[in-house]
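Tertiary structure, described
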Amino acid sequence: SGPAGASVKLTPCEVLFEDNTPNQRSSGSPYFWTYTLKGDGVEEWTPKFTIYGFRYIQVEGGVPRSLANEQEALPVVEDIRGDFIYPEMDLIGDFRCSNELFNRIHILIRYSMASNTKSVFTDCPHREKFGWLEETHLIGPALMYNYDLHNLFHKVAGDIRDSQRDNGLVADIAPEYVRFGYHRGFIDSPEWGSASIITPWYAYKKYGDISFLRNNYDVMQRYLNYLTSQTHHCLLHHGLGDWLDVGPKHPRSQNTSVSLVASSIYYYDLMIMEKIANLLDKKEDAARYAAQKA
């Protein structure tokens, strides 16, 4: 509450500087919300079309009710609340054991899953808000053991279909908004793009919905053809590889060759595509993928 025209600025952050002011270096800056009062009693406001993961929030321009001075023309902050936002999804699995530490770790993991489940599966809620595709299959089975994500996986598959390029490439992010120019892998990495094949397959195995395969078979074929066109002596040699493995050349893949990781995922794609082609009674395709795999 407060006089018309007065404003309150809210700045979220993950960590603080030594003087306890917001440090947004690891979470994206500048980022803040500003609300201007209309001066009509107690007003409620919620930001729309935006998310930001945070631990702290700095309030400027307003004072708590306990410190309010009627002689001052400052807005009064009656209450403030942070909402934990994620899609409507039913919890369908749980884990409990006699070790309370393991139980608490599982709860934290579930919170992490929900934090990164929006209309896309994000990498982390405070800065990596793109729909990085490797999330959908690397942690896909764990997500589906805990939550009913049948409809959301259909939506992700649709994002991939819409984002696939004319040459068959599925970029690392869908919906695609890629501005990375300093490393080809951030646009084209087999471990990420192969979500176009692996994710519908995992969803089919979990939910028994064969439309995951039928609706996306053309996308899968085109992406696999693209990967094949990039091979040299039947192996792939590009991508992010074992991204962020431990070593002195952070963050590049360094202890495992990029070729080994990329070619392994390519082989896995061929295995899956042979199974899908047989399921869809596409025998010629299945035979071709079996021959490529051999």
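As shown above, the structure is provided for reference.
Just so you know, these numbers come straight off a predicted model, no measurement behind them. (Residues numbered from 1 in each chain as written. Predicted model: local features only at pLDDT ≥ 70, side-chain atom pairs only at ≥ 80, totals over all residues. Heavy atoms only, no water.)

Moving on, we come to the packing of helix H6 (residues 195-207) against helix H8 (residues 217-229). A pair of packed helices can be characterised by two numbers: the angle between their axes and the separation between those axes. Axis separation between H6 and H8 bottoms out at 9 Å; the angle between their running directions is 145°. Note on element contacts: H8 touches H6 through Val-219, Met-220, Tyr-223 and Leu-224, opposite Ser-196, Ile-197 and Pro-200. Counted by class, the contact of H6 with H8 contains six nonpolar, one polar and no charged residues. (Axes fitted to C-alpha atoms, helices over the stretch in contact; angles between N-to-C directions. Helix = DSSP H or I, 4+ residues; strand = E, 2+ residues; numbered from the N terminus. Contact = heavy atoms within 4.5 Å. Nonpolar A, V, L, I, M, F, W, Y, C, P; charged D, E, K, R; others polar.)

With respect to burial, strand E1 (residues 7-13) is a largely interior element, five of its seven residues being buried. Sheet analysis places E1 next to strand E4 (residues 33-36), joined by four bridges and oriented antiparallel. The partner of Leu-10 across the bridge, within E4, is Trp-33. As judged from the five bridges shared by E1 and strand E5 (residues 56-60), these two strands associate in the antiparallel manner. (Buried < 20%, exposed > 50% of the residue type's maximum accessible area, 1.4 Å probe, protein only. Pairing = 2+ DSSP bridges.)

A surface patch of nonpolar side chains, about 520 Å² in accessible area, is lined by Phe-84, Tyr-86, Ile-107, Leu-108 and Tyr-111. Tracing the backbone shows Leu-108 in helix H1 (residues 100-115). Of the residues examined, Leu-108 reaches a relative accessible area of 58% and is grouped as exposed. (Patch = residues over 30% accessible without salt bridge, like charges linked within 9 Å, V, L, I, M, F, W, Y side chains within 5 Å. Areas by Shrake-Rupley, 256 points an atom, 1.4 Å probe, with all protein chains shown as cover. Salt bridge = Lys/Arg side-chain N within 4 Å of Asp/Glu carboxyl O.)

It is worth spelling out the pattern of salt bridges at this point. One pass over the full model with this rule turns up seven salt bridges. A salt bridge links Asp-94 to Arg-96; the nearest nitrogen and oxygen atoms lie 3.7 Å apart. Note on Asp-94: relative accessible area 48%, which makes it partly exposed. For Arg-96, a relative accessible area of 71% gives the class exposed.

Our next topic: H8. If you check H8, its first and last C-alpha atoms are 18 Å apart, about what 13 residues at 1.5 Å a residue would give, namely 18 Å. Those residues of H8 that sit buried are Tyr-217, Val-219, Met-220, Gln-221, Tyr-223, Leu-224, Tyr-226 and Leu-227. Where H8 is buried, its residues touch helix H4 (150-163), helix H5 (190-193), H6, helix H7 (211-214), helix H9 (258-279) and helix H10 (283-293). (Expected span 1.5 Å × (residues − 1).)

The subject of this paragraph is unusual backbone geometry. Look at the link from Ser-29 to Pro-30: it is a cis peptide, with omega at -5°. By secondary structure assignment, the location of Pro-30 is in the loop between strand E3 (22-23) and E4. In this structure, the amide linkage connecting Ala-174 to the following residue, Pro-175, adopts the cis form with an omega of -5°. Position of Pro-175 relative to the elements: it lies in the loop between H4 and H5. Phi is positive for Asp-281, close to 60°, though the residue is something other than glycine. By the element assignment, Asp-281 lies in the loop between H9 and H10. The class of Asp-281 is exposed, set by a relative accessible area of 57%.

Within the secondary structure, His-137 sits in helix H2 (residues 134-138). His-137 gets classed as buried once you look at its relative accessible area, which sits at 7%. With near-sequence residues (within four places) excluded, His-137 lies in contact with Glu-191, Ala-195, Ile-198, Thr-199 and Tyr-202.

To continue, consider the environment of Asp-245. With respect to the helices and strands, the residue Asp-245 is situated in the loop between H8 and H9. Asp-245 sits 11 residues away from Thr-256 along the chain, and the two C-alpha atoms are 8.4 Å apart. With near-sequence residues (within four places) excluded, Asp-245 lies in contact with Arg-252, Ser-253, Gln-254, Asn-255 and Thr-256. For Asp-245, the side chain forms a polar contact with the main-chain nitrogen of Asn-255, separated by 2.9 Å. (Polar contact = N/O pair within 3.5 Å; in protein donor to acceptor, adjacent residues only side chain to side chain.)

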